[in-house]
Amino acid sequence: MASKILWLTGSAIFFILGTLHLYYTFFTSRLDPRNKNIIDEMKNTSPGLTNVWVGFNASHSAGAIFIGSINSILAVKNFSIIEDSFLLSFLTILASLFYLWLAKKYWFSVPFTGLLIATCCFIAAPITAFLF
């Protein structure tokens with residue numbers, strides 16, 4: 001049961017961070033460059049980099065939402081699929097490690113902290129299942 005809770009916690013963090021990122025992309029200016037002149041320059045560059053910027057942020061959000069959603073659904077509906085599939089667990093851990101590396105290298109502390117917790121949950125879940 002502990003491993004399932006850990007897996008769901010990691011999944012929820014991914015889902016929440018992805019959803020917040022998507023919200024910030026479309027409904028706030030929090031992800032805009034601080035220098036407002038850059039936005040105008042991005043609009044006048046070919047291809048229109050502002051659209052690329054929004055598309056990148058939206059697709060990035062969708063990836064995190066997908067990881068959180070699919071892992072939550074599997075954990076709730078049939079956790080044995082996660083427990084019995086080394087590949088699925090490995091790919092989830094690998095993806096979360098990649099997001100964690102990106103957060104450390106390029107982002108700021110809030111997503112890094114959230115992804116660190118999620119990654120630890122994903123790593124601890126199979127260890128907990130094995131030990132108990």
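The structure displayed is predicted, hence computed values, not measured ones.

Student: Hey, could you go over the overall build of the protein for me, with residue numbers and the actual values?
Tutor: Helix and strand counts for the protein stand at 5 helices and 0 strands. For the protein, the α and β elements follow one another from N to C terminus as α-α-α-α-α. Reported as C-alpha extents along the three principal axes, the dimensions of the protein are approximately 60 × 25 × 25 Å. Scored against the burial criterion, the 132 residues of the protein give a buried share of 33%. Restricting the contact set of the protein to residue pairs at least 6 apart, pairs at least 24 apart contribute 69%. As displayed, the protein has an accessible area near 8,400 Å², and 70% of this comes from carbon and sulfur atoms. For the protein, the distance from the average position of its 8 positive side-chain charges to the average position of its 5 negative side-chain charges is 6 Å.

Student: Outline helix H4 (residues 86–106), listing residues and values.
Tutor: With 21 residues, H4 should reach 30 Å at 1.5 Å per residue; the first-to-last C-alpha distance of 30 Å fits that figure. Taken together, the buried positions of H4 are Ser89, Thr92, Ile93, Ser96, Tyr99, Leu100, Leu102 and Ala103.

Student: Which residues make up helix H5 (residues 109–131), and what values do they have?
Tutor: Helix length check: H5 (23 residues) gives 32 Å between terminal C-alpha atoms against 33 Å at 1.5 Å per residue, within 8%. Ala124 marks the point of greatest bend in H5, at about 25 degrees, and the proline Pro126 comes within the next four residues. Residues of H5 that are buried include every one of Pro111, Gly114, Leu115, Ala118, Thr119, Cys121, Phe122, Ala125 and Thr128, and no others. Next to the buried residues of H5 lie helix H1 (2–27) and H4.

Student: Go over the confidence of the model for the protein, please, and point to the residues and values.
Tutor: Per-residue confidence for the protein gives a mean pLDDT of 90; residues scoring 70 or more make up 96%. When pLDDT is averaged over each helix and strand of the protein, the minimum, 78, is found for helix H2 (residues 36–43) and the maximum, 95, for H1.

Student: Now, about the nonpolar core: what can you tell me, with residues and values included?
Tutor: Ranked by internal contacts, the top residues of the largest apolar core, which has 17 residues, are Trp7, Phe14, Ile82, Tyr99 and Leu115. Residue assignment for this core shows that the elements contributing at least two residues are H1, helix H3 (49–84), H4 and H5. In terms of residue count, the dominant contributor to this core is H3 (6 residues). Apart from residues no more than four positions distant in its own chain, Trp7 is found in contact with Asn71, Ala75, Phe79, Ile82, Ser89, Thr92, Phe122, Ala125 and Pro126.

Student: An account of the packing of aromatic side chains is needed here, citing residue identities and associated values.
Tutor: The relation between two aromatic rings is expressed through the spacing of the ring centres and the mutual angle of the planes. Within the structure shown, the criterion is met by 8 aromatic pairs. Taking the centre distance of 6.0 Å and the plane angle of 25 degrees together, the rings of Phe98 and Trp101 count as stacked. Highlighted residues: Phe98 and Trp101, both in helix H4, separated by 3 residues, approximately one helical turn. A residue is classified by how much of its surface remains accessible, and Phe98, at 47% relative accessible area, is partly exposed. Pairing Trp101 with Tyr106 gives two aromatic rings, centres 6.0 Å apart and planes at 90 degrees, and the pair type is edge-to-face. Given a relative accessible area of 45%, Trp101 falls into the partly exposed group. Looking at Tyr106, the relative accessible area reads 53%, which means it is exposed. An aromatic cluster of three or more residues is present, and its members are Trp7, Phe14, Tyr99 and Phe122. For Arg30, the ring lying beneath its charged end belongs to Tyr24, and the centroid distance is 4.4 Å. Between the NZ or CZ atom of Lys104 and the centre of the ring of Phe112, over which it lies, the distance is 5.3 Å.

Thresholds, definitions, all that
Residues numbered from 1 in each chain as written. Predicted model: local features only at pLDDT ≥ 70, side-chain atom pairs only at ≥ 80, totals over all residues. Heavy atoms only, no water. Helix = DSSP H or I, 4+ residues; strand = E, 2+ residues; numbered from the N terminus. Buried < 20%, exposed > 50% of the residue type's maximum accessible area, 1.4 Å probe, protein only. Contact = heavy atoms within 4.5 Å. Areas by Shrake-Rupley, 256 points an atom, 1.4 Å probe, with all protein chains shown as cover. Lys, Arg positive; Asp, Glu negative; His and termini not counted. Charge placed at Lys NZ, Arg CZ, Asp CG, Glu CD. Expected span 1.5 Å × (residues − 1). Bend = angle between axes of the 7 residues up to and from the residue. pLDDT = per-residue confidence, 0-100. Core = buried A, V, L, I, M, F, W, Y, C linked by side-chain atoms within 4.5 Å. Phe/Tyr/Trp six-rings, centres within 6.5 Å; stacked < 30°, edge-to-face > 60°. Lys NZ or Arg CZ within 6 Å of the ring centre and 35° of its normal.

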